[in-house]
Amino acid sequence: MAINRSSLRGKLFIIIFGANTRRGRLFDVFLLYFILISILIVCLESVPKIRNNYESEFFYLETFFTVVFTIEYFLRIYSHPKPLKYLLSFYGIIDLLSIIPFYLTYFMPSGHYLITIRILRLLRVFRILKLSSFVHHAQVLKGALAASLQKITVFMLFIVALVLIIGTIMYVVEGEENGFTSIPQSIYWAIVTITTVGYGDLTPQTPLGQVISSLVMIMGYAIIAVPTGIVTVEMSRSLPVAKSVGQLECMSCGKQMPSNANFCSNCGHSLKE
């Protein structure tokens, strides 16, 4: 559905969704500052000493920013040519999640449930994902992860089998008298060791167990590098493609067009304003 650019709805759409227009970029800059300040407030509020001294100020500021984000959310719904598409989109869900926790505090009982709601309010941090300058790179990373999914899945299955075998061997070598009381406990040790975390709460005591532990730690460095290399290769393959097939959104009808297009193929609107 095309939007009349001269109407209020059309003007709002250009401002709110028009990341490639002057007014759209200005709107994104102001929104960015609001997002960063609201995130800072949430972080400061989590400090008990600061929260106790400025509890009312935090409440009023959070109320203000939540109202602003709520108005923005409904304006996005109103101005979008396909409101349902926006509501069900990733960013639409993120927008909704960023404001819901604040309102839930009025309906949920006090006590430990309020702590859960306060944690959910940290979802507001994800509003930072809306920054238009990162959308292109996020799409490249998403494509690389999708292309790597099968390889990483096979690799993870191999790791699961490996820690199961190592855990079983350590259970047999060390035994219950050295803290390896069960195979699941030994698998926990294998995971901690192979990821080079090394909590130190469970360590082998026998010479053979220490030799195996050393080999597992060395193996861990190589294993960590594998998924990184898989994703890096896929990203290097997708970058040239992404640069050539980047997209622009038509401000009139919302259709996605190639970045080198001058006019929308759906409604004929200029994409270079």
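Residues numbered from 1 in each chain as written. Predicted model: local features only at pLDDT ≥ 70, side-chain atom pairs only at ≥ 80, totals over all residues. Heavy atoms only, no water.

A.B. asks: Quick one: what's the story with the overall build of the protein chain, residue by residue and with numbers?
C.D. replies: When helices and strands are tallied, the protein chain shows 11 helices and 2 strands. Scanning the protein chain from its N terminus toward the C terminus, one meets helices and strands in the order α-α-α-α-α-α-α-α-α-α-α-β-β. Long-range pairs, those at least 24 residues apart, make up 56% of the contacts in the protein chain between residues at least 6 apart in sequence. Of the roughly 16600 Å² of accessible surface on the protein chain, a fraction of 71% belongs to carbon and sulfur atoms. (Helix = DSSP H or I, 4+ residues; strand = E, 2+ residues; numbered from the N terminus. Contact = heavy atoms within 4.5 Å. Areas by Shrake-Rupley, 256 points an atom, 1.4 Å probe, with all protein chains shown as cover.)

A.B. asks: Before we move on, can you summarise the packing of aromatic side chains with the specific residues and values?
C.D. replies: Within the structure shown, the criterion is met by 7 aromatic pairs. Both rings, one in Y73 and one in F74, keep their centres 5.6 Å apart while their planes meet at 70 degrees; by these two values the pair is edge-to-face. Taking relative accessible area as the criterion, Y73 reaches 7% and is therefore assigned buried. Since its relative accessible area comes to 52%, F74 is described here as exposed. On the basis of an interplanar angle of 70 degrees and a centroid distance of 5.7 Å, the ring pair of F180 and W189 is categorised as edge-to-face. As far as burial versus exposure is concerned, F180 and W189 are alike and both buried. Here the aromatic cluster, defined as three or more aromatic residues joined through ring pairs, consists of F34, F64 and F65. (Phe/Tyr/Trp six-rings, centres within 6.5 Å; stacked < 30°, edge-to-face > 60°. Buried < 20%, exposed > 50% of the residue type's maximum accessible area, 1.4 Å probe, protein only.)

A.B. asks: I'd like a rundown of unusual backbone geometry, residues and numbers included.
C.D. replies: Most peptide bonds are trans, and most residues other than glycine sit at a negative phi. Phi is positive for T196, which is not a glycine, with a value near 60 degrees. With respect to the secondary-structure elements, T196 resides in the loop between helix 10 (183-194) and helix 11 (207-244). A residue is classified by how much of its surface remains accessible, and T196, at 31% relative accessible area, is partly exposed.

A.B. asks: Got a sec to walk through the pattern of salt bridges? Specific residues and values, please.
C.D. replies: For the coordinates displayed, the defined rule picks out 1 salt bridge. For R76, the salt bridge goes to E72, with nearest N and O atoms at 2.6 Å. Here the residue R76 and the residue E72 both occupy positions in helix 4 (residues 55-79), the gap between them amounting to 4 residues, near one helical turn. Like E72, R76 is buried. (Salt bridge = Lys/Arg side-chain N within 4 Å of Asp/Glu carboxyl O.)

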